[in-house]
Amino acid sequence: MLASLFAVLAPVFIVAAIGYAWARRGLAYPTEFIAQVVMTVGTPALVLSTLNRTQLDPGAFSSMALACCLCLVGMAVAGYLVCRVSGQHWRVLLPAFMFPNTGNMGLPISLYAFGEHGLALAVAFFLTLSIFQFTVGIAIAGGAASPKALLRNPIVISLAGAMPLIFLDVELPRWLANTADLLGGMTIPLMLLTLGVSLASIRPRHIGSGLLLGGLRIVLGAAVGWGVGALLGLESLERAVLVVQSAMPVAVFNYLLAVRANREPEHVANLVMCSTLLSFAWLPAVLAWWL
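Source: prediction; values computed, not measured.

A. Layout of the packing of helix 3 (residues 58-86) against helix 7 (residues 154-167). Remark: helix 3 packs on helix 7, axes separated minimally by 9 Å, with the N-to-C direction vectors making an angle of 135 degrees. In terms of orientation, helix 3 lies oblique with respect to helix 7. Residues Pro58, Phe61 and Ser62 of helix 3 form the contact with helix 7, whose own contacting residues are Leu159, Met163, Ile166 and Phe167. Residues belonging to the contact of helix 3 with helix 7 are distributed by class as follows: six nonpolar, one polar and no charged.

Following this line, the structure appears as structure tokens:
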């Protein structure tokens, strides 16, 4: 069991740690450029490549998309209640509770823990979450969500491109499939490196409150994911991926939105850092339940 957990988590933590150490040593890392490449090229290619290889069942894709929506509602309610109890502003805490790091951490962990089919299910969750993050998440943080910008978002475009693969049982031409495999293969390593670099740039304060609220986020996320999976009667693998994705720490993207909206970015940075550190201990316990 311990060997299986180590094999799943070690690659994720090691690559993120390389990015963290790289940034802490002051070495050049073009974060903006790499994030742009990952967002506009790598992630859409990974989506197409994964869904083309696994031929994910339409029912499974729809179930994961619905489960993601229900998890968002559940975490929104949980986040609001925590705001009322803690006195935190809902525009600060709600996005942190609703939008976990299902990309940089959730996708690689699902791949190593559950294989290609698990990755495909995680992609379905990630795509659904991304749509809400780029609309509802921006609006909650105090920004202006633009429908036109959403339609031009490469991740949303890749979702539209993936629909025929899922619902019409279409396969990509071999040349396009090979290209998507090649470009998609760079995405997860770059995501993890960038996660480490981003964490190195965050200077958390008030560690106590960050650990408490960050811990609540990942524990409640797992609980809500488990409850939604039971409610929908998901199969074992689908429920496992759902719980893991829901239990991810606060996404770095929430910090970027808080900076843009000038909505207590230091506090959000604290939540990102503390929840990520706690996830190093929490995720082995979550995965041990399923592996």
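B. Layout of helix 11 (residues 236-246). Most of helix 11 is tucked away: nine of the eleven residues are buried. Every buried residue of helix 11 is listed here: Glu238, Arg239, Ala240, Val241, Leu242, Val243, Val244, Gln245 and Ser246. On its buried side, helix 11 packs onto helix 3, helix 5 (102-141), helix 10 (207-232) and helix 13 (265-290).

C. Quick peek at the UniProt feature "transmembrane region" (unreviewed entry) in the chain. With numbering aligned to this structure, UniProt lists the feature "transmembrane region" (unreviewed entry) at residues 33-51, 63-82, 119-142, 149-170, 182-202, 214-234, 240-259 and 271-290. Between the end C-alpha atoms of residues 149-170 the distance is 28 Å, and the span holds 82% helix and 0% strand. In residues 240-259, helix accounts for 75% and strand for 0%; the two terminal C-alpha atoms are 33 Å from one another.

D. Just the packing of helix 3 against helix 10, in detail. Taken N-terminus to C-terminus, the directions of helix 3 and helix 10 make an angle of 140 degrees; their axes are 9 Å apart at the nearest point. In terms of their interaxial angle, helix 3 and helix 10 are classed as oblique. Our pair here, helix 3 against helix 10, has a crossing hand that is right-handed. Facing helix 3, whose interface residues are Ser63, Leu66, Ala67, Leu70, Cys71, Gly74, Met75, Ala78 and Val82, helix 10 presents Leu213, Leu216, Arg217, Leu220, Gly221, Val224, Gly225, Val228, Leu231 and Leu232.

E. Just the side chain of Gln133, in detail. Looking at the secondary structure, you find Gln133 in helix 5. Residues within four places of Gln133 in sequence aside, it is in contact with Phe99, Ile138, Ala251, Phe253 and Asn254.

F. Inspection of helix 13 at higher detail. With 26 residues, helix 13 should reach 38 Å at 1.5 Å per residue; the first-to-last C-alpha distance of 35 Å fits that figure. Along helix 13, the largest kink reaches about 45 degrees and is centred on Phe280; proline Pro284 follows within four residues of it.

Cut-offs applied
- Residues numbered from 1 in each chain as written.
- Predicted model: local features only at pLDDT ≥ 70, side-chain atom pairs only at ≥ 80, totals over all residues.
- Heavy atoms only, no water.
- Axes fitted to C-alpha atoms, helices over the stretch in contact; angles between N-to-C directions.
- Helix = DSSP H or I, 4+ residues; strand = E, 2+ residues; numbered from the N terminus.
- Parallel < 35°, antiparallel > 145°, perpendicular 65-115°, else oblique.
- Contact = heavy atoms within 4.5 Å.
- Nonpolar A, V, L, I, M, F, W, Y, C, P; charged D, E, K, R; others polar.
- Buried < 20%, exposed > 50% of the residue type's maximum accessible area, 1.4 Å probe, protein only.
- UniProt positions renumbered as here; feature names shortened; annotations may be inferred.
- Left-handed = near helix turned anticlockwise from the far one by under 90°.
- Expected span 1.5 Å × (residues − 1).
- Bend = angle between axes of the 7 residues up to and from the residue.

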